[in-house]
Amino acid sequence: MSFAPRPAVQPWARVNKSRRAEILFASIMPSAIALALIAFGLDRNLTLVGVFLPIQVLAASVVGYRAFGRRGIGDAALLVIVFFLASFVLVLLASVVTSLVTQGSKALSWSFVTQNNIYVSNTTSLDYGGVGHAIVGTLMIVGLTTLVTVPLGIAMAVYLTQSQSKIKNLVRTLTQAISGLPSVVAGLFVLSMVLTFGWEKSGVMGSMALLPLMLPTVARVAEEALRLVPVDLRYAALALGAPNYRAFFQVILPAAKSGIITAMLLGVARIIGETAPLLLTVPINNGTSWNIFSGNIMTLPAYIYGYLSSLFSTSQNRAWGGAIVLMIIVAILFTTTRILSRPKSMKSKPTKQKASK
Amino acid sequence: MSDSSAPKTAPARRKLSAGPLSTGDKWFFRSTSVAAYSAFVLVAFILLFLFLQAAPAITSQGISFITGSTWDNTAEPIVMQIGPMIWGSILIGAVGVVIATPLAIALAYLIVYMLPNRLASLATNLVDLLAALPSVIIGLWGLFVFSPVAAEWGAALNAYLGWFPLFNVSSADNGFSGSPFIAGWIVAIMIVPIITSITREVFSQLDRDLINGALALGGSRLSTLRRVILPTSSGAIVGGVLLGLGRALGETVAIFYVLQLTFDFNWGQILEPKGGAVASMILAKFGEANASEVSGLMASGLVLFVITLIINFFASVIVNRAQPWRKN
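Residues numbered from 1 in each chain as written. Chains lettered and ligands numbered in written order. Predicted model: local features only at pLDDT ≥ 70, side-chain atom pairs only at ≥ 80, totals over all residues. Heavy atoms only, no water.

1. Describing the overall build of chain A
We apply this condition: Each helix corresponds to a stretch of at least 4 residues labelled H or I by DSSP, and each strand to a stretch of at least 2 residues labelled E; elements are numbered beginning at the N terminus. Think of it in three bands: residues with accessible area under 20% of the maximum for their type are buried, residues over 50% are exposed, and the middle band is partly exposed, with areas taken using a 1.4 Å probe on protein chains only. Should any heavy atoms of two residues lie within 4.5 Å, those residues are counted as being in contact. For the area figures, the Shrake-Rupley method with a 1.4 Å probe applies, and any residue is considered shielded solely by the protein chains shown. When charges are tallied, Lys and Arg are placed among the positive residues and Asp and Glu among the negative ones, while His and the ends of the chain are skipped. For this purpose, a charge sits on NZ of Lys, CZ of Arg, CG of Asp or CD of Glu.
If you tally the helices and strands in chain A, you get 15 helices and 0 strands. In terms of principal-axis extent, the alpha carbons of chain A reach across some 80 × 70 × 45 Å. A buried classification covers 50% of the 357 residues belonging to chain A. Contacts spanning at least 24 positions in sequence make up 71% of the contacts within chain A whose residues lie at least 6 apart. As displayed, chain A offers around 17,600 Å² of accessible surface, 68% of which is attributable to carbon and sulfur atoms. Mean positive and mean negative side-chain charge positions of chain A (29 and 9 charges, respectively) differ by 12 Å.

2. Quick word on the pattern of salt bridges
Residues and elements named next belong to chain A. Basically, it comes down to this: Definition used for salt bridges: Asp or Glu carboxyl oxygen within 4 Å of a side-chain nitrogen of Lys or Arg.
What the rule picks out here adds up to 5 salt bridges over all chains. Across the pair Arg66 and Glu22 runs a salt bridge whose closest N-O atoms are separated by 2.7 Å. Taken together, the positions of Arg66 in helix 2 (residues 44-68) and Glu22 in helix 1 (residues 17-39) put the pair 44 residues apart, joining distant regions of the chain. Among the salt bridges present, the one from Arg172 reaches Glu223, with a minimum N-O distance of 3.0 Å.

3. Some words on a nonpolar patch on the surface
Inclusion rule: Like charges are joined within 9 Å and nonpolar side chains (Val, Leu, Ile, Met, Phe, Trp, Tyr) within 5 Å, but only among residues with over 30% relative accessible area and no salt bridge; these make up the patches.
Taken together, Tyr160(B), Leu161(B), Trp163(B), Phe164(B) and Leu166(B) make up a surface patch of nonpolar side chains, about 550 Å² in accessible area. Relative to the assigned elements, Trp163(B) resides in the loop between helix 5 (135-161) and helix 6 (180-204).

4. Overview of the interface of chain A and chain B
The test is simple: Defined here as a combined quantity, buried area equals the accessible surface (1.4 Å probe) lost by two parts on assembly, summed across both. Side-chain atoms alone can form a polar contact between residues adjacent in sequence; in general such a contact is a pair of N or O atoms within 3.5 Å, and within protein one must be able to donate a hydrogen while the other accepts it. Throughout this entry, Asp, Glu, Lys and Arg are counted as charged residues, while Ala, Val, Leu, Ile, Met, Phe, Trp, Tyr, Cys and Pro are counted as nonpolar. The remaining residues, Gly among them, count as polar.
Contact with chain A, which involves 88 residues of that partner, is made by 89 residues of chain B. Where chain A abuts chain B, roughly 8,100 Å² becomes buried across the two surfaces, and 76% of that area is made up of carbon and sulfur atoms. Where chain A touches chain B, the interface holds 1 salt bridge. Taking the shortest distance from any N to any O, the salt bridge between Arg338(A) and Asp128(B) comes out at 3.0 Å. On the surface where chain A and chain B come into contact, there are 14 residue pairs in polar contact (both at pLDDT 80 or more). Counted by class, the side of chain A that touches chain B contains 57 nonpolar, 21 polar and 10 charged residues.

5. Considerations on empty space enclosed by the protein
Residues and elements named next belong to chain B. What counts here: Within this scheme a cavity is a closed region of a 1 Å grid, computed over the protein atoms alone, that accommodates a 1.4 Å probe without allowing it to escape, whereas a pocket is open but has protein on both sides within 12 Å along at least five of seven lines; lining residues each have an atom within 4 Å of a point. Grid points are joined across faces, edges and corners, and a volume is the space filled by probe spheres set on the points.
As enumerated under the stated definition, the model contains 1 cavity of 30 Å³ or more in all. Size it by volume and the largest cavity reaches roughly 40 Å³. Residue assignment for the lining of the largest cavity shows that the elements contributing at least two residues are helix 3 (83-114) and helix 11 (291-322). Sorting elements by how many residues they give to the lining of the largest cavity places helix 3 first, with 3 residues. Partitioning the lining of the largest cavity into residue classes produces 6 nonpolar, 1 polar and no charged.

Written as structure tokens, this is what we have:
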């Protein structure tokens, strides 16, 4: 086989029409066969893995061989498998989002967002009761954590970017290691402090439990943001006679503003859905509470968790409703960070093109 | 810098108004150092307080706490042993990593080498969105949507590959739900973004000349991936996988409802609803735990913390070493 004359390989040649037809056929035919088999009642999982994937790999390999010779076979198989695996993840993500939207929209209404959970039983109609109290609690607890963590994280990032200390890399590694702290351990940690000192479980304890989970995210993203500021800016400020702290607050921090806000928002997104620490440290509440320093207070994750295992369909709907409210908050945070962290060159592109014309 | 302009006449010597030793700067650097050292303080505090509360359980149970497989709170003295849970966590983490790694590498390869820029940034955003999904939402979805589907997969695996010990079950009565296989899938979904982001970064920082050279020598996409891309980035990928494993071991709420907790060692029958996970066990036992059980849960948390800290620490060292451009 290895002595057979190779087909002429011209990677630079444009793909001609008949080749295009081949590619089209090879990409449609396997899906068509698989769909037909599923329509005839074959098990869909079996069809996908046992029929569709082998035929697709085979078809792509044949096209690859006809186009590029033997090396085309492996390429085509790689192409198919990479696309298959990647779209698999996409399908899982789409499944999460669509089930959230379809199930969550049943419960979602203005009263669901504003009312609290007093006098709500498993059979109460979805017109009454909601997650208002949980939104208030979540925002207050997460807000308190953010107030403490963001300055701490930024200070850490300053240390990591400016210090010449030898243990800097150790600090960075340890911070990264803490980012994998199991959330239930964070809860147990605060609970052990509560037990040791005889404190009372409350919203503040929840904030404390969230701190070690948020800190690494803020520190890492803020470090990257500070690193993007040209070091010449800092040197210029120092050369003009500014002390380091004024160089930081008046030059570096404004320049890295959007990155710092991104760090904050990503940190909030990281902790806003944390459940286990809050379950261990914050006593739940069906009413609205504005006091995080003592007494019971409800949070969105605890609300979802509480209704999740229920056998009543209205209660399950409440769990989905709480989940979509949480998801909307996360999505808002997420979109804001994307807009903020968009590279500046993209904004100035149109003017550049105009100038070149 | 010094050769930009030669001074004609030496200017009068001025007194420097600021220097590294000014009071403001001292406090500035001191406070940043304190913030940085808070990482050490945090780890020390977690170890200290967990140990303080776990001490009664550790002293009463001894080494069998992590090797035995009984939890009996009615016995006198109380018996608390979490061996199956630790092993179950490792098993679920292993299943998760085995599933997540190919998915993550495929995603990273697609994003960096195949998609046009616009689609690549869209795909990156989608992966980041997956990372941003709160675990309680994954748990909700896992319980109601994913678990039945994964049970189908488990049944199919058992039907066609049941002769393989890994996919063997003692009985199919339970409908293949509650198994480490399903929990492993859910954990995989949660760690795909972590491995993808690290792999993607190391792929995109790879020397393009290396790849172009391989292609110019007649290499194909496949051989370039196998012989050039994967070997040069394997360090970072291993680090990313370890980071994912650390995350997988600590996953709590996402797998809480889909995993059957039994105090029975599950030696690798991943479709059998047997075994458990430390984090889920802590949450499950916490509600009605008495004082000595709480101490046992603290000890479980301590074990989990030590395991994940070690894994994460080595993972971070590997990742940092494999990404030299991150150091300044």
